[in-house]
Amino acid sequence: FYPMAVTGKVAAFHLPPLPTVGEIIRLFRLKAQKQLSQNFLLDLRLTDKIVRQAGKLKNAHVCEVGPGPGGITRSILSAGVEQLLLIEKDARFIPGLQMLSEAAPGKVRIVHGDILTCKMDKAFPKHLKKNWEDEPPDIHIIGNLPFSVSTPLIIKWLANVSRKDGPFIYGRTQMTLTFQKEVAERLTANPGGKQRSRLSIMAQHLCTVENCFIIPGQAFVPKPEVDVAVVHFTPLVQPKIQQPFELVEKVVQSVFQFRRKYCFRGVETLFPQSGRLKRTEQLMMTADVDPTLRPFQLSMSHFRNLCDTYRKMCDEDPSLFAYNYREELRQNKKMKNLPKSTSQPEQTEEENQL
């Protein structure tokens, strides 16, 4: 079952006859674990459709995250990839994946590990590297992600995109991933949309994000309570906000902290209580943002201006970026709860001033 040479071209790769994904699940007595939010996709027409969204995979290098019983894995191999790296946290799935590996000799590498801690800067051959300004490399990340992992993982990978490290050390590596339908709507929401959120800004300022299609919940085993969406990411050559990831994340998180209130209320939380009002006014005026807009009404250029202005303020006052609004709230609450002592009037007076 090795790919065979044909006159003038390479023959298409075909997997040999194998047990179905359902049979694999029964054979190894695999059960989706609710605490890991696992849901199996058994319909190979749907797994083929997911893989098609990734683009041309012929002779490509692919990393599949959380392959589970191997439904999407089969569709990836059938697309004629050069190499397939499987990263699976749950040891119960490894024997079934090894069966697939043996059916595609030399094509599959299995790593038993957690994708949230896996280092991916050496996951692919060096010769695949491309300059950031070039077309994306022939590398793809594909995954039917457990719901519990999807949001922290995409935030981690967006940070990698920003720094051009991890799986993006090879260039603008593309990703095709599944999310809860609601999370996918947040990733792709436009200004003014009810799903516009922190995820919308963090994803869209770094990538072209496309909500490809919806998979109904009943297609999965066990059936989740929500539908699932397939989302495709292509990193942008130039981010829309040219500031460090951590700074953008802090500003965006602060703005969306009070989602239903005017945006200035969230912006206030970037500054210590002392001088908060004055600095908030300075930031909003310099960034040319209407303080009475709601957070979900702000455009990408609004966020760019807020981040650029906040960066200048941090450069002028290096202690500003380290300021934590919630920590100050905790400290204030702690001070209020301290027992008052009449035997130490000087300390009591100092506490009152604080």
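Figured I'd write up the structure that's included with this text. Keep in mind that this is a model prediction, so the values were computed, not measured.

1. Some words on the overall build of the chain
When its secondary structure is counted, the chain shows 13 helices and 11 strands. Taking all 354 residues of the chain together, the buried fraction comes to 49%. The long-range fraction of contacts in the chain, counting pairs at least 24 apart against all pairs at least 6 apart in sequence, stands at 69%. Element-wise, carbon and sulfur atoms account for 51% of the exposed surface of the chain, whose accessible area totals about 18,600 Å².

2. Brief notes about the sheet that holds strand S8 (residues 174-180)
Read from one edge to the other, the open sheet built from 7 strands follows the order S6-S5-S4-S7-S8-S11-S9, with strand pairing classed as mixed. Strands with a single pairing partner mark the edges of an open sheet, and in this sheet they are strand S6 (108-112) and strand S9 (207-215). Along the sheet, successive strands turn relative to each other by an average axial angle of 20 degrees, direction set aside. The pairing of strand S5 (residues 83-88) with S6 spans 5 bridges and is parallel. Note on S6: the bridge partner recorded for glutamate 88 is histidine 112. Packing against the sheet, helix H5 (residues 147-163) makes contact with strand S4 (61-65), strand S7 (139-143), S8, S9 and strand S11 (228-235), and its axis sits at approximately 150 degrees to S8.

3. A word on the nonpolar core
Core analysis: the largest hydrophobic core is formed by 66 residues, its most contacted members being Ile115, Trp157, Leu177, Phe179, Phe233, Leu306 and Tyr310. Here this core gets 8 residues from one element, more than from any other, and that element is H5. Residue contributions to this core reach at least three from each of two domains, namely domain 1 (24-235) and domain 2 (245-334). Excluding anything up to four places from it in sequence, tryptophan 157 contacts Val65, Ile115, Met120, Ile141, Pro167, Phe168, Met175 and Leu177. Leu15, Leu100, Ala103 and Phe220 belong to the second largest nonpolar core, which has 31 residues in total.

4. A word on the pattern of salt bridges
Throughout the structure, instances matching the rule amount to 12 salt bridges. Across the pair arginine 279 and aspartate 317 runs a salt bridge, and its minimum N-O distance is 2.6 Å. Of this pair, arginine 279 sits in helix H10 (residues 276-287) while aspartate 317 sits in the loop between helix H11 (300-316) and helix H12 (325-337); the two residues are 38 residues apart in sequence, bridging distant segments of the chain. Taking relative accessible area as the criterion, aspartate 317 reaches 22% and is therefore assigned partly exposed. Salt bridges sharing common partners tie together Arg163, Asp165 and Glu246.

Calculation notes
- Residues numbered from 1 in each chain as written.
- Predicted model: local features only at pLDDT ≥ 70, side-chain atom pairs only at ≥ 80, totals over all residues.
- Heavy atoms only, no water.
- Helix = DSSP H or I, 4+ residues; strand = E, 2+ residues; numbered from the N terminus.
- Buried < 20%, exposed > 50% of the residue type's maximum accessible area, 1.4 Å probe, protein only.
- Contact = heavy atoms within 4.5 Å.
- Areas by Shrake-Rupley, 256 points an atom, 1.4 Å probe, with all protein chains shown as cover.
- Pairing = 2+ DSSP bridges.
- Axes fitted to C-alpha atoms, helices over the stretch in contact; angles between N-to-C directions.
- Core = buried A, V, L, I, M, F, W, Y, C linked by side-chain atoms within 4.5 Å.
- Domains from an automatic or database assignment.
- Salt bridge = Lys/Arg side-chain N within 4 Å of Asp/Glu carboxyl O.

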